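Summary of the model geometry
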Amino acid sequence: MSKIITTPLSEDIIEELHAGDSVLISGIIYTARDAAHKRLTELIENKKELPIGIKDEIYIM
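A brief report on the enclosed structure follows. (Residues numbered from 1 in each chain as written. Predicted model: local features only at pLDDT ≥ 70, side-chain atom pairs only at ≥ 80, totals over all residues. Heavy atoms only, no water.)

Notes on the pairing of strand β2 (residues 23-26)
In terms of strand pairing, strand β1 (residues 3-6) meets β2 through four bridges, oriented parallel. Opposite K3, over in β2, you have V23 as the bridge partner. Once you follow β1 into helix α1 (residues 11-16) and on to β2, the crossover reads as right-handed. (Pairing = 2+ DSSP bridges. Helix = DSSP H or I, 4+ residues; strand = E, 2+ residues; numbered from the N terminus. Right-handed = clockwise from strand over helix to strand, strands pointing away.)

This is the structure:
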């Protein structure tokens with residue numbers, strides 16, 4: 001049986017998930033490719049503001 005979750009995520013939802021769980025996700029999911037991943041990583045390392053808010057969100061890079 002799949003767990004149904006929506007974004008943004010909460011700590012309670014995250015704590016209930018386990019490796020191998022099947023999930024159905026509803027809401028916004030951000031995706032990015034290599035160049036975007038590099039840019040976001042550099043911004044985080046330099047403690048600069050990100051172009052999008054990623055706290056409690058789902059992003060796939």
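After presenting the structure, the write-up continues.
Describing the pattern of salt bridges
Summed over all chains, the structure comprises three salt bridges. A salt bridge links K38 to E42; the shortest N-O distance between them is 4.0 Å. Of this pair, K38 and E42 both sit in helix α2 (residues 34-45), four residues apart, which is roughly one turn of that helix. The class of K38 is exposed, set by a relative accessible area of 52%. Residue K55 pairs with D56 through a salt bridge whose shortest N-O separation is 3.6 Å. Given the relative accessible area of 66%, K55 is considered exposed. (Salt bridge = Lys/Arg side-chain N within 4 Å of Asp/Glu carboxyl O. Buried < 20%, exposed > 50% of the residue type's maximum accessible area, 1.4 Å probe, protein only.)

So yeah, pure geometry; function would need other evidence.
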